[in-house]
Structures are given as C-alpha cells and as structure tokens.
Amino acid sequence: MTARSQHRPVPMPVTTERLVLRLFTPDDLDDVYAYQSLDEVARYLLRPPLTRDECARSLAQRAAGTEWTEDGDALVLAVCRAGTPGVVGELVLKLASARGRQAEIGWIFNPSYAGHGYATEAARATASLAFTHLNVHRLFARLDARNTASARICERLGMRHEAHLIENDLDDEGWSDEYVYATLAREWKERGSTT
Ligand SMILES: CC(C)(COP(=O)(O)OP(=O)(O)OC[C@H]1O[C@@H](n2cnc3c(N)ncnc32)[C@H](O)[C@@H]1OP(=O)(O)O)[C@@H](O)C(=O)NCCC(=O)NCCS
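The structure displayed is predicted, hence computed values, not measured ones.

Trainee: Report on the pairing of strand 6 (residues 138-144), specifying residues and quantitative values.
Mentor: Most of strand 6 is tucked away: five of the seven residues are buried. Judged from the three bridges that link them, strand 5 (residues 102-109) and strand 6 form a sheet pairing that is parallel. Residue Glu104 lies in a different strand from strand 6, and its bridge partner there is Phe140. Viewed along the sheet, the connection from strand 5 through helix 5 (residues 118-133) into strand 6 turns out right-handed. Where strand 6 meets strand 8 (residues 174-184), seven bridges bridge the pair, whose relative direction is antiparallel. Across the sheet, the residue bridging to Arg142 is Val180, located in strand 8.

Trainee: An account of unusual backbone geometry is requested, with residue identities and associated values reported.
Mentor: In this chain, Met12 is followed by Pro13 through a cis amide linkage whose omega measures -5°. Structurally, the position occupied by Pro13 is in the loop between helix 1 (3-6) and strand 1 (14-15). At Asn135, a position not held by glycine, the phi torsion is positive, near 60°. If you trace the backbone, Asn135 turns up in the loop between helix 5 and strand 6.

The rules behind the values
Residues numbered from 1 in each chain as written. Predicted model: local features only at pLDDT ≥ 70, side-chain atom pairs only at ≥ 80, totals over all residues. Heavy atoms only, no water. Buried < 20%, exposed > 50% of the residue type's maximum accessible area, 1.4 Å probe, protein only. Helix = DSSP H or I, 4+ residues; strand = E, 2+ residues; numbered from the N terminus. Pairing = 2+ DSSP bridges. Right-handed = clockwise from strand over helix to strand, strands pointing away.

Following this line, the structure appears as structure tokens:
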C-alpha cells in the first residue's frame, strides 16, 4: 500500500484555533522575503538566506501544483493568523518515500512572530494532516543539533529523539551534528493528538 494509493485530497485551508494554513500565492512574496532573507532564519537550514528572486521562483513553483505522490514531492503551506492578513511562516511536508509512507516535516517562521507557539500549532496541524489525510506511516524531522527551538517543537509534538548523527555536516562554523526525531501513525493516534 503506497501513499499514492491511499491518500485523500488535502482539505484546504487547514484551520486551527489561531491559525489558517493555506497554499502560497505569488502575492505572498513580500511576507516570505521578509523572513527567508534573514541570516538568523537561514542559520540552521544548510543554505544561505534567499534573495528576492529566489523567493519569487520558489513561490511560482509552489503555486504550480500540490502533487504529493512521488518521492521528493513537497506540500508547502503558508501559515497565517486567523482574521489577520499576512504570512507568518511556513510548514513543509515532504514525501521522502511513497512506498514506505515516510514523510519529513519542517518549519520556518518569521522571528517577529516567535514565542507564541504558532510554529508548534501549525506543526501539530500538519502532522495530523499527514496521518489523517496522506496515509503517512512515519513522520520525521531532521535538524541541526544546535537548533534548540526546533528540537523543542519536536518534543512538544511527542516525537521521539531517534538519532544523534555526529559531525555529519560541515559549514562555515565547522562540523555540526544532526538530530532525527520521528513518530509513527499509531503512536500519534494512541496519544490522541489532534489539531
Ligand atoms: C524553529 C522555529 C520555527 C521555532 O520558533 P518558536 O517561536 O520557538 O516556536 P513556536 O512558535 O512554537 O513558539 C514556542 C514558544 O512559544 C511559547 N508560547 C507562548 N505562547 C504559547 C502558546 N499559546 N502555545 C504554545 N507555546 C506558546 C512556548 O512556551 C515556546 O517558548 P520556548 O521557546 O521558551 O519554549 C523558529 O526558530 C525558526 O523559524 N527558525 C529558523 C528556521 C529553522 O531553523 N527551521 C527549522 C529547520 S529544522
């Protein structure tokens, strides 16, 4: 049974108590550039901050389709506060293996909106979407071991700290370690995690 054969159409938008998660549009460029261009946001993303052109290209790609059937397909959701215009961050759900129903989750938020639990709330809703609508069996996150804010989100979601990879990457500051967190569909269900 593959992710392709079992997943139901993604209901859009996804709403939570305080947030609306929706597909991106080209009109989101200013909001996305505002956080994707920051050094502090890119610090643990293993790539430099994005230029305005790179943000525009990535938005065009995101607007082109929401196919989530083949390895490498990614669903990228804009996170907005309910009743307030503007994008405060984004959630990414990447199909790592359609056959094994493995998906990687990631999050990037504008630091102006940090510390309110928005990233955690959006991540929880996206994890629910993965298990409920996309037939994901195992959801995992990979993060720089120094990225404590990101590790705290994984822990708040109840993800298991499965791996600590030692010096598996090299950046301008030297060698860095990686953490892998994960949770299974049955564990998510047992915990009764909801959006
Ligand atoms: C990772 C990232 C999204 C975390 O942002 P964040 O603001 O810490 O996360 P949240 O929005 O979930 O906020 C959590 C904080 O809000 C607090 N909070 C306040 N009100 C809250 C509420 N109503 N509900 C939940 N938490 C709340 C929590 O206690 C927590 O505080 P703590 O960090 O002191 O534990 C952000 O740092 C980021 O975008 N970094 C750059 C990109 C990046 O590295 N992405 C990850 C790649 S793996």
